[in-house]
Amino acid sequence: MYIAGGFTSVYLYKIGYSLSFVILCWACLYLFKALMTFSSAFLIANVGPKHGTLVSNLLCIPAMLAIGLVPNIGFIGVVIWGIFIGISGAIYQLCYHVDFSKIKNTEHAGKEIAFMNIFEKITMGVSPVIGGLIALWFSPQVVMLLAALLFVAAALPLFGTSEPVRTKQKLSFIDFPWRAVISSIMAQSGVGFDAAVTSVVWVLFVAVAILPNSGNSIYVYLGILSSVSIIIAILASYAYGKLIDRNRGQYLLKFSVIGNSLVHISRAFTLTIQSVVGVNITNEIATTGQSMAFMRGMFDTADLSGHRIVYLCLSDIVSNIGASLACFIASYSVMCLGDINGFRVVFIMAAIAVLMVNMAHFNLYRK
């Protein structure tokens, strides 16, 4: 996923689509994912998260092939990519959360989240460099093809164990404990807004404002820039896991959100490669703390709610709506104010929006 995912926006921009159009595509994609998440919940309730992940991986194959063929088949390739990657992403995200929330050990869930995060950060660090080099030596289309093949292989280890949740469940929204969980669900809008600005808007800003004349080398540069903070991310994940298991997750969440807000503000004033490196490193420190502490609280709430799949489904829907809103605002800002100034406005707005994450009142952190 990370081999190709980091380059899709820049790839579409480089083959001729405008910045506002590329960001608008992401806005529509996130909105589509929000709609598909509801259907995904019923799929997972019926077949379980492991089989759901298999479906998600298989759906990614035509998505990767379609985006690679956009120079040949035009906009229809973007549409096919959006449909398949939207359905796949909705299923995958919910499966991921349902699976981990069920199998965690409550006594040392912080350590388990840390290990999960460390493995993910290593993958995030290595994959963009590999993808960037392949794009430089061969073409971005080859990267998409490789990603499609890897999605097949990635599904195979899932079937060494049984489904972690009961299958053929009937989902119920009638007796759902809204009052107990609504704050954490609404806080997901800030999580989604933050994630979209970091993964879509920031990458395009670096490509346009910092590396405007890089040719195909831009894929390597972006890969390296996203990988320089890998050691920091691993150390932070380990330290934060210990803090969470020592009942310090509430403070970690609060201060990480504030730090993340400051990172977004600093993005608006980034002008050099060196400052991009600094922003990426500080972003990893803040975002890792925020995501790990929030995820631990979210998993505990999923347990207490008695409606694990419904709660996580609603959380993912709100997160995707927040991401969609960020991209709609970014697309409009770029269209009205120009590329650089439009991006800067979005970064300032993200600094405000991410503070909504602290709206979450997790029962775990009241103990």
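Refer to the structure above for everything that follows.
Residues numbered from 1 in each chain as written. Predicted model: local features only at pLDDT ≥ 70, side-chain atom pairs only at ≥ 80, totals over all residues. Heavy atoms only, no water.

*Asks:* Which residues make up the overall build of the chain, and what values go with them?
*Replies:* A tally of helices and strands in the chain yields 15 helices and zero strands. Computed over C-alpha atoms, the radius of gyration of the chain comes to 20 Å, within 12% of the 21 Å expected from 2.2 N^0.38 for 367 residues, which places it in the range of a compact globule. The principal-axis extents of the C-alpha atoms in the chain amount to approximately 55 × 40 × 35 Å. Residues counted as buried form 54% of the 367 residues belonging to the chain. Intrachain contacts of the chain at a sequence separation of at least 6 include 87% that bridge at least 24 residues. Accessible area for the chain stands at about 15700 Å²; split by element, carbon and sulfur atoms hold 69% of it. (Helix = DSSP H or I, 4+ residues; strand = E, 2+ residues; numbered from the N terminus. Rg over C-alpha atoms; globule rule 2.2 N^0.38 Å. Buried < 20%, exposed > 50% of the residue type's maximum accessible area, 1.4 Å probe, protein only. Contact = heavy atoms within 4.5 Å. Areas by Shrake-Rupley, 256 points an atom, 1.4 Å probe, with all protein chains shown as cover.)

*Asks:* Which residues make up the environment of V277, and what are the values?
*Replies:* Position of V277 relative to the elements: it lies in helix 13 (residues 273-305). For V277, a relative accessible area of 23% corresponds to the partly exposed category. Placed 49 residues apart in sequence, V277 and V228 show a C-alpha to C-alpha distance of 7.1 Å. With near-sequence residues (within four places) excluded, V277 lies in contact with L225 and V228.

*Asks:* Outline unusual backbone geometry, listing residues and values.
*Replies:* In this structure, N247 takes a positive phi of about 60° despite not being glycine. Considering the arrangement of structural elements, one finds N247 in the loop between helix 11 (230-245) and helix 12 (249-267). Exposure remark for N247: the relative accessible area of 60% places this residue in the exposed category.

*Asks:* Could you give an account of a nonpolar patch on the surface, with specific residues and numbers?
*Replies:* On the surface, Y251, F255, I258, L262, I265, F269, I348, I352 and L355 cluster together to form a nonpolar patch covering roughly 910 Å² of accessible area. Those elements that place two or more of their residues in the nonpolar patch are helix 12 and helix 15 (339-353). (Patch = residues over 30% accessible without salt bridge, like charges linked within 9 Å, V, L, I, M, F, W, Y side chains within 5 Å. Salt bridge = Lys/Arg side-chain N within 4 Å of Asp/Glu carboxyl O.)

*Asks:* Would you mind going over the side chain of Q188 in detail, with residue names and values included?
*Replies:* Position of Q188 relative to the elements: it lies in helix 9 (residues 178-210). Q188 sits in the buried class, given a relative accessible area of 4%. Beyond its immediate stretch of four places on either side in the chain, Q188 contacts F294, M298, S315, V318 and S319.

*Asks:* An account of the pattern of salt bridges is needed here, citing residue identities and associated values.
*Replies:* Applying the stated criterion across every chain, the model contains one salt bridge. For R308, the salt bridge is made with D303, and the minimal N-O distance between the two is 2.7 Å. A relative accessible area of 18% places R308 in the buried class.

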